[in-house]
Amino acid sequence: MDSEEVMVEMKETGKSSDSQPGQAVPLSVVSGLRIILIGEREAGKSAVGNAILGSEVFDAVGVRTREAVKRQREVAERQVTVVDTPGWEWFPSRGSSLGVRREIVRGVSLCQPGPHAVLLVVPLSFSFTKRERQAAEEHVELLGERAWGHTVVLFTVKGGRLKDATLEEEVEESEELQGLVERCGGRYHALYGRSRKGHDAVAELLEKLDNMVAKNRGELLSSEEDLRRAKEALRELEMEEEKEEVQEEGGKATEESTRQQRGRRRYTDEKLDTGVESSSADPTTAPPHLTWSDLRAIRDQRCKTQ
């Protein structure tokens with residue numbers, strides 16, 4: 001999705017907020033707006049960041065973001081900071097999800113003294129499943145208990161996706177989308193692949209974010225205490241994964257040891273069947289180590305008796 005052609009259209013449901021579009025927002029609250037982008041892989045986070053800052057400052061479409069990146073520019077006569085983060089996989093493998101979470105936490109630290117807003121980017125190019133909702137909720141909650149009060153769901157919509165339905169209908173018809181939006185206090189917006197003439201997408205988006213910040217009385221998302229807790233949670237996840245790896249390795253070692261023991265028992269049984277005493281019966285009378293000649297003799301003897 002080309003960031004130069006995007007159009008952002010904001011919608012908000014639920015109870016009316018204390019701040020309405022067009023209402024004055026204290027300049028001291030939003031003079032330096034800091035935003036962090038999170039979402040699954042290929043959701044369009046980098047394109048959103050480029051659209052907000054009005055320049056191709058993040059990776060181009062199709063290039064995978066592998067670590068948290070901060071970019072800032074002056075937008076509408078004020079400093080706006082955007083942090084782009086790696087996206088999580090639909091079906092994460094061991095270690096991949098942990099790496100993404102680690103970069104999200106690091107992304108928060110790039111927004112010191114803390115981000116004002118989280119844009120949870122969700123593509124509407126396919127059905128939104130329960131699994132995807134759970135993944136989104138887990139990554140938002142990684143930022144702390146207060147994260148939902150600072151989060152806006154931003155839908156990325158490819159051209160023609162909503163030909164037969166409005167955005168509101170799309171959300172209402174999906175239990176998972178509706179549940180996710182409700183967690184954010186009913187805040188959701190949409191980004192389309194085609195621009196509308198005379199429509200200032202970025203100005204409208206920033207105004208909506210300003211109103212959310214004003215409603216939060218300028219409170220930042222993550223304090224040092226929140227970051228400490230997030231890092232502790234990551235360490236716990238790392239320890240759990242290491243423990244699982246050790247258990248798996250231990251299980252493989254046990255299985256290999258069992259196979260070796262079975263092989264030794266079969267060899268001992270064969271020797272007993274041919275009349276050769278086990279060396280464990282009496283070490284003082286144990287026969288010498290078997291040579292290849294001894295083994296051939298045992299084989300020949302067994303062939304004669306069969």
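In the nomenclature of an unreviewed UniProt entry, the protein corresponds to AIG1-type G domain-containing protein from the organism Oncorhynchus tshawytscha.

Undergrad: Hey, could you go over the overall build of the protein for me, with residue numbers and the actual values?
TA: Within the protein, the regular secondary structure consists of 9 helices and 7 strands. Counting across all 306 residues of the protein, residues that qualify as buried make up 41%. For the protein, restricting intrachain contacts to residue pairs at least 6 apart in sequence, the fraction spanning at least 24 positions comes to 79%. Working note: accessible area of the protein is about 17,800 Å², and carbon and sulfur atoms make up 46% of it.

Undergrad: Now, about the packing of helix H4 (residues 130–141) against helix H6 (residues 175–183): what can you tell me, with residues and values included?
TA: Each packed pair of helices is defined by two parameters, the angle between the axes and the distance between the axes. Viewed as axis vectors pointing N to C, H4 and H6 meet at an angle of 15°, and their least axial separation amounts to 9 Å. In terms of orientation, H4 and H6 fall into the roughly parallel class. In this structure, H4 crosses over H6, and the sense of that crossing is right-handed. Here Lys 130, Arg 133, Ala 136, Glu 137 and Glu 141 of H4 come into contact with H6, specifically with Glu 175, Glu 176, Gly 179, Leu 180 and Arg 183. The class makeup of the residues in the contact of H4 with H6 is 2 nonpolar, 1 polar and 7 charged.

Undergrad: Describe the packing of aromatic side chains, with residues and values.
TA: Aromatic ring pairs are described here by two measures, namely the spacing of the ring centres and the angle between the planes. Taken as a whole and judged by the stated rule, the model has 1 aromatic pair. Where Phe 155 meets Tyr 188, the ring centres are 6.0 Å apart and the plane angle is 65°; that geometry is what we call edge-to-face. Here Tyr 188 lies in strand E7 (residues 187–192) and Phe 155 lies in strand E6 (residues 151–157), a separation of 33 residues in the sequence.

Undergrad: Before we move on, could you go through the confidence of the model for the protein and cite the residues and values that matter?
TA: The pLDDT averaged across the protein works out to 76; a share of 66% of its residues lies at or above 70. Segment residues 12–29 is flagged for pLDDT under 50; beyond a separation of four residues in sequence, or across chains, it makes 27 contacts in the model.

Undergrad: Please give an account of the environment of Val 82 that cites residues and values.
TA: Its place among the elements puts Val 82 in strand E4 (residues 78–84). Taking the C-alpha atoms as reference points, Val 82 and Val 69, separated by 13 residues in sequence, lie 8.3 Å from one another. The residues touching Val 82, leaving out its near neighbours within four places in the chain, are Ile 35, Leu 37, Gly 49, Ile 52, Leu 53, Phe 58, Val 69, Lys 70 and Arg 71.

Undergrad: If you had to explain the pattern of salt bridges to someone new, which residues and values would you point to?
TA: Within this structure, the stated rule accounts for 11 salt bridges. Two residues, Glu 89 and Arg 64, come together in a salt bridge whose shortest N-O distance is 3.0 Å. Linking Glu 89 in the loop between E4 and helix H3 (96–109) with Arg 64 in the loop between helix H2 (45–53) and strand E3 (69–75), this pair joins segments that are 25 residues apart in sequence. For Glu 138, the salt bridge is made with Arg 101, and the minimal N-O distance between the two is 2.9 Å. Here Glu 138 is found in helix H4, whereas its partner Arg 101 is found in helix H3, with 37 residues between them in sequence. When its relative accessible area of 42% is taken as the criterion, Glu 138 is described as partly exposed. A single salt-bridge network, built from bridges that share partners, covers Arg 133, Glu 137, Glu 141, Glu 176 and Arg 183.

Definitions and cut-offs
Residues numbered from 1 in each chain as written. Predicted model: local features only at pLDDT ≥ 70, side-chain atom pairs only at ≥ 80, totals over all residues. Heavy atoms only, no water. Helix = DSSP H or I, 4+ residues; strand = E, 2+ residues; numbered from the N terminus. Buried < 20%, exposed > 50% of the residue type's maximum accessible area, 1.4 Å probe, protein only. Contact = heavy atoms within 4.5 Å. Areas by Shrake-Rupley, 256 points an atom, 1.4 Å probe, with all protein chains shown as cover. Axes fitted to C-alpha atoms, helices over the stretch in contact; angles between N-to-C directions. Parallel < 35°, antiparallel > 145°, perpendicular 65-115°, else oblique. Left-handed = near helix turned anticlockwise from the far one by under 90°. Nonpolar A, V, L, I, M, F, W, Y, C, P; charged D, E, K, R; others polar. Phe/Tyr/Trp six-rings, centres within 6.5 Å; stacked < 30°, edge-to-face > 60°. pLDDT = per-residue confidence, 0-100. Salt bridge = Lys/Arg side-chain N within 4 Å of Asp/Glu carboxyl O.

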